[in-house]
Amino acid sequence: MDKKGFSVIALLFIFGALILGGTGVVYFTSKENPPVDSPESAPQNPVPVSTGNEAASTTVSSNPLPATTSPESGTGTSGKKISPLKPANLENLVQGHNDARADRINLVIVGINFSSIDELKNTGIEMLSWGGSPVRNGVAFGPFAIEPLRSNKGKFNVWYDTAIINGTTQDDIRNKAVDEEGSINKTGLKYVVPIFLNKLKQSPGINTFITPHSVGFGITLEDNSFSSLTKDKLQPKAVFVNVQEPLTSPSQLAHELGHGIFGLADEKTDSPFDKPGSAPRIRAPDCVATPADAQKLWGDMVGQVDPFYTNWKSTLQQNGQWETLFPSDVSWWKSMDDGVKVGYYYGQCYGDPNGKDAIRPTDFSIMNQSQVAVFGPVNRKQVEIVLGFFKGF
Ligand SMILES: [Zn+2]
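Residues numbered from 1 in each chain as written. Predicted model: local features only at pLDDT ≥ 70, side-chain atom pairs only at ≥ 80, totals over all residues.

Caption draft 1: Looking closely at the overall build of the chain. Of the regular secondary structure elements, the chain holds nine helices and 10 strands. Counting all 393 residues of the chain, 48% fall into the buried class. Residue pairs in contact within the chain that sit at least 24 positions apart in sequence constitute 74% of those at least 6 positions apart. (Helix = DSSP H or I, 4+ residues; strand = E, 2+ residues; numbered from the N terminus. Buried ≥ 20, exposed ≤ 12 C-beta atoms within 10 Å, placed from the backbone. Contact = placed C-beta atoms within 7 Å.)

Printed below as a string of structure tokens:
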């Protein structure tokens, strides 16, 4: 690889690390009881990659412009219907669902250090919660167990890549992931989202932990106006998630897709960015700088609650898993019933935890702590707008 190529790839990962995944320690979280899915603070992940600096960029992408070769280009000249294309190296994750020519987002599961295709397929279906219910004993809500994705499966194709990446170092895996993404982007599919599922290998001399992240934002809302979201601006980005841990890594995947497809910000704050005075990362719609911006975006939604909140909470309680995620002997989550109501919540957004430089629409959401598997009304509005770009057929 030439020096320039190496530099570009290095940059991609530096910026990728900035759009950190999962969840973080929010300011009201007690230090001795970190969220269960906080990779940055969890002691079982001894060597997370750098969380980078503040210069998050929406212009850097490892996902080039959608291929200009349309899947329809092989359909012949007579106009008669032929069977859907099957992209090279990609197979159906779920039988009878995909249609490569349909107007859909294409999710591609790519395995890292899986021992077999069957294991990869089963894990992919689990991580996506494709069945519509929470997995892992009813505690972990993957993307398709969460509304509004659950009722919009028809807007997605779900593939897996037959080429499993094997590696024993972080750099090795990252380089191979970039190469594989290049292959995927040659399939001719549009709106492709590589989902790298990392099966951890950690032993003396071997560490494959990669901090969950999206390599960029799939779309950018401009002028604090939802009407600025248009399909031609959508360029989904690849996401990385470790599959075994935390327990809620399926909902961490949903969080990453919140960045990589829907362009949502990180509402959390992690060390070392939780120092007083550190500048937040402002990004609409869920991390804005001024009350006027917030009012423009969600002033008409104040007091609303995402209807999925009730469903999610009661499901966890019915499954006997509420206590697993929200133990009664800690207090950080106990204002959740109020904090999921749209309002004006100051601070965080990767900055001063008690500052006035960032305003969020809800105090709790999946973009803040992914074990709260609820987008919240403002984020959900953006997700629904983007899903509305696709006919599904
Ligand atoms: Zn994130």
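Here the narrative resumes, following the displayed structure.
Caption draft 2: Highlighting the sheet that holds strand 3 (residues 156–161). On the basis of which strands lie adjacent, the open sheet formed by six strands has the order 1-3-2-4-8-7 and mixed pairing. The sheet terminates laterally at strand 1 (90–92) and strand 7 (213–214), the two strands that pair on one side only. Pairing of strand 1 with strand 3 involves three bridges; the strand directions are antiparallel. Within the sheet, the bridge partner assigned to E91 lies in strand 3 and is Y160. On the sheet, helix 2 (residues 117–128) packs against strand 2 (105–112), strand 3, strand 4 (192–198) and strand 8 (239–242) and is oriented at approximately 145° with respect to strand 3. (Pairing = 2+ DSSP bridges. Axes fitted to C-alpha atoms, helices over the stretch in contact; angles between N-to-C directions.)

Caption draft 3: Focus on helix 5 (residues 291–298). Within the sequence span of helix 5, burial applies to A294, L297 and W298. Buried residues along helix 5 cover an arc of 70° about the axis, so they all sit on one side. The secondary structure elements touched by the buried residues of helix 5 are strand 10 (359–360) and helix 9 (377–387). (Arc of directions from axis to C-beta.)

Caption draft 4: The environment of K391, seen in detail. Assignment of secondary structure puts K391 in the segment after helix 9. Sequence-wise, K391 and F156 are 235 residues apart; in three dimensions their C-alpha atoms are separated by 10.0 Å.

Caption draft 5: Representation of the confidence of the model for the chain. Scored by pLDDT, the chain comes out at a mean of 82, with 78% of its residues at no less than 70. Considering only residues more than four positions removed or in separate chains, one finds that residues 1–84, a stretch of pLDDT under 50, has 161 contacts. (pLDDT = per-residue confidence, 0-100.)

Caption draft 6: Broad picture of the nonpolar core. V108, I109 and I195 are the most contacted members of the largest nonpolar core, which has 86 residues in total. In terms of residue count, strand 2 provides more of this core than any other element does, six residues in total. With sequence-adjacent residues up to four places away left out, V108 is seen in contact with L90, W159, D161, I184, V192, V193, P194 and I195. (Core = buried A, V, L, I, M, F, W, Y, C linked by C-beta atoms within 7 Å.)

Caption draft 7: Main features of the pairing of strand 4. For strand 4, the buried fraction is high: seven of the seven residues fall into the buried class. The two faces of strand 4 match: V192, P194, F196 and N198 on one face and V193, I195 and L197 on the other face are all buried. Here strand 4 pairs with strand 8 via four bridges, running parallel. By the bridge assignment, I195 is partnered in strand 8 with V239.

Caption draft 8: Unusual backbone geometry, seen in detail. A cis amide bond, omega 0°, links E245 with the succeeding residue P246. In this fold, P246 is placed in the loop between strand 8 and helix 4 (249–260). Here the residue pair A284 and P285 is connected by a cis peptide bond, since its omega of 10° sits within 30 degrees of zero. By secondary structure assignment, the location of P285 is in the loop between helix 4 and helix 5. Positive phi outside glycine occurs at D223, with the angle close to 55°. Along the chain, D223 falls in the loop between strand 7 and strand 8. You can call D223 exposed: it has 10 C-beta atoms within 10 Å. The backbone of Q348 sits at a positive phi, close to 70°, despite the residue not being glycine.

Caption draft 9: Structural view of helix 2. For helix 2, spanning 12 residues, the distance from its first C-alpha to its last is 16 Å, which sits close to the expected 16 Å at 1.5 Å a residue. If you check which residues of helix 2 are buried, you get L120, G124, M127 and L128. Projected onto a plane normal to the axis of helix 2, the buried residues spread over an arc of 90° and lie on a single side. Helix 2 presents D118 and N122 as exposed residues on the side facing more than 90 degrees away from its buried surface. (Expected span 1.5 Å × (residues − 1).)

Caption draft 10: Broad picture of the pairing of strand 2. For strand 2, the buried fraction is high: eight of the eight residues fall into the buried class. Here strand 2 shows no split at all, with I105, L107, I109 and G111 on one side and N106, V108, V110 and I112 on the other all buried. Of the strand pairs in this sheet, strand 2 and strand 3 are connected by five bridges, and their pairing is parallel. Across the sheet, the residue bridging to N106 is N157, located in strand 3. Between the parallel pair strand 2 and strand 3, the chain is carried across by helix 2, and the sense of this crossover is right-handed. When strand 2 meets strand 4, the two strands line up parallel, connected through seven bridges. (Right-handed = clockwise from strand over helix to strand, strands pointing away.)

Caption draft 11: How the structure looks around the environment of V94. Its place among the elements puts V94 in the loop between strand 1 and strand 2. With 17 C-beta atoms counted inside 10 Å, the residue V94 sits in the partly exposed group. With 31 residues separating them in the primary sequence, V94 and I125 have C-alpha atoms 8.1 Å apart. Dropping the residues within four chain positions of it, V94 is found in contact with W130 and V158.

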